[in-house]
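Spelled out, the chains give:
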Amino acid sequence: MALKTLIRKARANQMNSRFYVTTPIYYVNAEPHLGHAYSTVVADVQNRFHRLIGDETFFLTGTDEHGDKIVQAAHKQGLSPKEYTDKISQKFAETWPLLNIHPDRFIRTTDPQHIKTVQMVLQKVYDQGDIEFREYEGLYCFGCERFLIERELVDGKCPDHKVEPTKLKEKNYFFLMSKYQQWLIDHIKANPDFITPERYKNEVLSFLKEPLDDLCISRPVTRLTWGVPLPFDENFVTYVWFDALINYLTGLDYPDGENFSKFWPAANHVIAKDILKPHGIYWPTMLRAIGIEPYKALHVHGYWKIKEEKMSKSLGNIIRPQWLVENFGADATRYCLMREMSFGLDASFSHQSFVTRINADLANDLGNLLSRSTTMLHKFRQGLVPDEKGIKGPQDDLRNYFANLIPKWQELMTDFQMHNALQEVWKALNMANKVIDTTAPWQLAKDESQSDLLDDVMYCLMESLRLSAVLISPVLPDAAEKIIRSMGFEPETEFSPQGLKWGRLGNGTKVEKLPPLFPRIGPSKKDAKDAQKAQKKSKKDKVKDMAEKEGSKDEFITIDDFQKVHLRVAEIVKAEKHPNADRLLKLTVKAPEERTIVAGIAEHFSPDLLVGKKVVIVANLKPVKLRGVTSQGMLLVAKDESGLHLLEVSSDTEPGAKVS
Ligand code: ME8
């Protein structure tokens, strides 16, 4: 263990000048959800952590926009693939800043630069004889966008998408991946940190025990045009893996860009286990064929689940990042994501577990320590941090604890053990809270002879807060910045290697009092119930689903029946959360007179994004009170497996116009 640590430290010292982190590029066949948010927060946290320890960093995310699935999704919305990909890609790009995620580059596989890079790489690999034209018959999963082999199936179905794969027989181009199988096995064995956590390395090695099939990389244009044309055969396009994986190179301006030579040797990919095979097998063999060094490390996490099912757009059980941010704020959401999932293992999402976590860790442990310490500093020392006195006492525990914590935290963060790193910091916060209880500064303040001890206790408390703020800054950047600024420091100088040392306060550092950083969330019981209801499909929804599935059994109505329903165009002028229910939004609409409509769409739409939209309402529905608010009408939405969609009309339609 000691040797392993030494080797790792030596390697970290050598390598710690640069860090390149990527997320998967997400398919644009649905909008972002908590699963995407998790990978992207992990990358952002790692990026901030490496900047903090002095590395030069580059952070890439983006969207994957070619392929059958995207064309199908576009058609469903009546849009061209280009219009559709522009729209959804923008939704991803707009979501990340809400969570305080700031990539250096947002890449799209439809970017002309990327298409050029893919074609250049294909030509090179083709010219050297690593791509061949063949006929192939196999089981294709449209969800995974790849051929599956028999032993991957569970009950004859794709385990991720729960559908039977389709038998396909086609002439296509194949990348001769099997040529590089033995090289890959040797590389993984020689580099134990190449794929982590270890279970995923073992999974890849066990896959590699069987002979590898070659990789189908093309589609005939007769069946699909939404891909990158093969430079050596205009009748075919490439898409999915030979297109998508290369984004990690385009993102650094491969082959000639300065970023490529600087950052490629420090490439760290973050993914979930669903795309382990493409990243653990296809990608390194592709890199080998292209003649590029393998990436440095692949970091694989588990699934966020809801009631034992993977959260996914195809299962329709998703939680939107916007909803999390509106309910908890960006910092608390990031904290819960990092703290509630052990990197590598699956985790279950529940509203209640997030609320409990926020109230216990952020409002109580961190919030109380901050408010108690600064209040006492103001009461007993006019808000000025006294010099450290180094006196023996319970406060020594803090000095000693931090001396060990900093290297340990750094090692845990380097190893993507964010949940454990946070846990170690929280031990320090709890210890500091205990130091307040055991030293009772309010008693010391009454006794002049204890003045030095009181100085030392106050010093240790404030310095523990400052250092903790630095240590949590990758995960809780806003809160950390507020704490640091309240002590008169700038985040630029403090979130840096010099900020990581004990002993920067003193000489009368002035500390401002802060309002509570994380107000308690409550009353939790009712909120939790509402949220649980929101997660569960209501009975009514289930009936509706069945009606949708059995579309052919729609009952006929006459034109007279239909004319009883008055449909009108309404402009949403205000949208806010319902005061008493998480699932509901309270909308003020003009149709043309102003009225209130309560709609059960809070999980699907962020209120900000609704304002200004022109939608269709049922105008003559009898008003009803929904959780204390009278609703005068009903908003129409369309529902499919990717969620709810507004029925919008063109923006030049007058509010109040009849829909017939
Ligand atoms: O696979 N739990 O895109 P994708 C945790 N375009 N993470 C989850 C998750 C869940 N329930 N659901 C999704 C693709 N993710 C390809 C990738 S890369 C060159 C091409 C996250 O939109 C996780 O990072 O299906 C997972 O690997 C990724 O989203 C899959 O995103």
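Residues numbered from 1 in each chain as written. Predicted model: local features only at pLDDT ≥ 70, side-chain atom pairs only at ≥ 80, totals over all residues. Heavy atoms only, no water.

As for the pattern of salt bridges
Part 1: In total, this model carries 39 salt bridges according to the counting rule given.
Part 2: Taking the shortest distance from any N to any O, the salt bridge between Asp346 and Lys305 comes out at 3.4 Å. Here Lys305 lies in strand β15 (residues 304-306) and Asp346 lies in the loop between α13 (330-340) and β17 (347-348), a separation of 41 residues in the sequence.
Part 3: Note on Lys305: relative accessible area 18%, which makes it buried. (Salt bridge = Lys/Arg side-chain N within 4 Å of Asp/Glu carboxyl O. Helix = DSSP H or I, 4+ residues; strand = E, 2+ residues; numbered from the N terminus. Buried < 20%, exposed > 50% of the residue type's maximum accessible area, 1.4 Å probe, protein only.)

Quick look at the domain arrangement of the chain
Part 1: As assigned here, the chain comprises domain 1 (14-128 + 185-200 + 239-323), domain 2 (351-500) and domain 3 (557-659).
Part 2: Opposite the 13 residues of domain 1 that make contact, domain 2 presents 18 residues.
Part 3: Buried surface at the junction of domain 1 and domain 2, summed over both partners, amounts to about 1,400 Å²; 76% is from carbon and sulfur atoms.
Part 4: Applying the counting rule to domain 1 against domain 2 returns 0 salt bridges.
Part 5: One can count 2 residue pairs in polar contact (both at pLDDT 80 or more) joining domain 1 with domain 2. (Domains from an automatic or database assignment. Contact = heavy atoms within 4.5 Å. Buried area = accessible area lost by both parts, 1.4 Å probe. Polar contact = N/O pair within 3.5 Å; in protein donor to acceptor, adjacent residues only side chain to side chain.)

Quick look at the side chain of Asn29
Part 1: With respect to the helices and strands, the residue Asn29 is situated in the loop between β2 (26-27) and α2 (34-52).
Part 2: Once residues within four sequence positions are removed from consideration, Asn29 is found in contact with Lys69, Ile70, Ala73, Tyr84 and Lys313.

Topic: the site of the ligand
Part 1: Around the ligand there are 25 residues in total, and Ile25, Ser39, Asp64, Asp274 and Met311 lie nearest to it.
Part 2: Interatomic distance of 2.8 Å between a backbone N/O atom of Ile25 and a nitrogen atom of the ligand.
Part 3: Here a nitrogen atom of the ligand and a backbone polar atom of Trp304 are 2.8 Å apart.
Part 4: Expressed as a share of its isolated accessible area of 670 Å², the protein-covered part of the ligand is 96%.
Part 5: At the level of secondary structure, the elements contributing two or more residues to the shell around the ligand comprise β2, α2, α8 (241-244) and α9 (247-250).
Part 6: With 3 residues, the single largest contributor to the shell around the ligand is α2. (Near = heavy atom within 4 Å. Areas by Shrake-Rupley, 256 points an atom, 1.4 Å probe, with all protein chains shown as cover.)

Regarding the environment of Ala575
Part 1: Examined against the element boundaries, Ala575 turns out to sit in strand β20 (residues 567-577).
Part 2: Residue Ala575 is classed as buried on the basis of its relative accessible area of 15%.
Part 3: In this structure, the C-alpha to C-alpha distance between Ala575 and Asp256, residues 319 residues apart in sequence, is 49 Å.

A closer look at empty space enclosed by the protein
Part 1: Going through the model one piece at a time under the given rule, you end up with 1 cavity of 30 Å³ or more.
Part 2: Taken as a whole, the largest cavity encloses approximately 660 Å³ of empty space.
Part 3: Taken together, 35 residues make up the lining of the largest cavity; nearest its centre are His36, Asp274, Ile275, Lys310 and Lys313.
Part 4: When residues of the lining of the largest cavity are traced back to their parent elements, those giving at least two are β2, α2, α8, α9, β13 (267-272) and α11 (276-290).
Part 5: Sorting elements by how many residues they give to the lining of the largest cavity places α2 first, with 3 residues.
Part 6: Looking at side-chain class alone, the lining of the largest cavity contains 16 nonpolar, 12 polar and 7 charged residues. (1 Å grid on protein atoms, 1.4 Å probe; cavity = no way out; pocket = protein on both sides within 12 Å on 5 of 7 lines; lining within 4 Å. Points joined across faces, edges and corners; volume = space filled by probe spheres on them. Nonpolar A, V, L, I, M, F, W, Y, C, P; charged D, E, K, R; others polar.)

Quick word on the sheet that holds strand β12 (residues 233-238)
Part 1: With respect to topology, 3 strands assemble into an open sheet ordered β10-β12-β11, the strand pairing being antiparallel. Two strands close off the open sheet at either side, each with one partner strand: β10 (218-220) and β11 (228-230). With direction set aside, neighbouring strand axes in the sheet form an average angle of 50°.
Part 2: Where β10 lies against β12, 3 bridges are found, and the strand directions are antiparallel. Within β12, the position partnered with Ser218 by the bridge is Thr238. (Pairing = 2+ DSSP bridges. Axes fitted to C-alpha atoms, helices over the stretch in contact; angles between N-to-C directions.)

Remarks on the nonpolar core
Part 1: Judged by nonpolar contacts, the single largest core of 173 residues is most densely connected at Trp264 and Trp409.
Part 2: If you tally residues by element for this core, the top one is helix α18 (residues 451-472), at 13 residues.
Part 3: The two domains that each donate at least three residues to this core are domain 1 (14-128 + 185-200 + 239-323) and domain 2 (351-500).
Part 4: If we ignore the near neighbours within four places in the chain, the residues touching Trp264 are Tyr20, Tyr248, Leu249, Leu252, Asn259, His269, Trp283, Leu287, Ile292, Glu293, Pro294 and Tyr295. (Core = buried A, V, L, I, M, F, W, Y, C linked by side-chain atoms within 4.5 Å.)

Notes on helix α7 (residues 198-207)
Part 1: Where α7 is concerned, the buried positions are Tyr200, Lys201, Val204, Leu205 and Phe207. Viewed end-on, α7 has its buried residues packed into an arc of 160°, placing them on one side of the element.
Part 2: Packing partners of the buried residues in α7 comprise α6 (181-190), β8 (195-196), α11 and β14 (297-301). (Arc of directions from axis to C-beta.)

Regarding unusual backbone geometry
Part 1: Across the junction of Thr196 and Pro197, the peptide omega takes the value -15°, indicating a cis bond.
Part 2: With respect to the helices and strands, the residue Pro197 is situated in the loop between β8 and α7.
Part 3: Positive phi outside glycine occurs at Asn100, with the angle close to 60°.
Part 4: Looking at the element boundaries, Asn100 is found in the loop between α4 (81-98) and β4 (105-108).
Part 5: Note on Asn100: relative accessible area 14%, which makes it buried.
Part 6: Its identity is not glycine, yet Phe416 carries a phi of approximately 60°, on the positive side.

What to know about the sheet that holds strand β7 (residues 166-175)
Paired through their backbone hydrogen bonds, the strands of a sheet run either parallel or antiparallel.
Part 1: With antiparallel pairing, 4 strands are arranged side by side in an open sheet as β6-β5-β7-β9. The open sheet is flanked by β6 (146-148) and β9 (215-216), the only strands paired with a single partner.
Part 2: As judged from the 2 bridges shared by β7 and β9, these two strands associate in the antiparallel manner. Residue pairing for β9: Phe175 is matched across the bridge by Leu215.
Part 3: Sitting on the sheet, α11 is in contact with β6, β7 and β9, with an inclination near 25° to β7.

Focus: the side chain of Arg334
Part 1: Inspection of the secondary structure assignment puts Arg334 in helix α13.
Part 2: Dropping the residues within four chain positions of it, Arg334 is found in contact with Val41, Asp44, Val45, Arg48, Leu99, Asn100, Ile101, Pro474, Val475 and Pro477.

Overview of the pairing of β13
Part 1: Summarising burial for β13: 6 of the 6 residues are buried, a large majority.
Part 2: In this structure, strand β1 (residues 18-22) lies alongside β13, joined through 3 bridges in parallel fashion. Bridge pairing in β13 links Thr22 to His269.
Part 3: Where β13 lies against β14, 5 bridges are found, and the strand directions are parallel. Paired with Ile271 across the strands is Val300, a residue of β14.
Part 4: Read from β13 through α11 to β14, the crossover connection turns out right-handed. (Right-handed = clockwise from strand over helix to strand, strands pointing away.)

Notes on the packing of aromatic side chains
Part 1: Tallied over the entire structure, the rule returns 33 aromatic pairs.
Part 2: For the pair Phe58 and Phe263, a centre-to-centre distance of 5.7 Å together with 40° between the ring planes defines the contact as tilted. Taken together, the residues Phe58 in strand β3 (residues 56-64) and Phe263 in helix α10 (residues 258-263) connect sequence positions 205 residues apart. As far as burial versus exposure is concerned, Phe58 and Phe263 are alike and both buried.
Part 3: Between Tyr401 and Phe402, the aromatic rings sit 6.4 Å apart at their centres with planes inclined by 85°, giving edge-to-face as the arrangement. (Phe/Tyr/Trp six-rings, centres within 6.5 Å; stacked < 30°, edge-to-face > 60°.)

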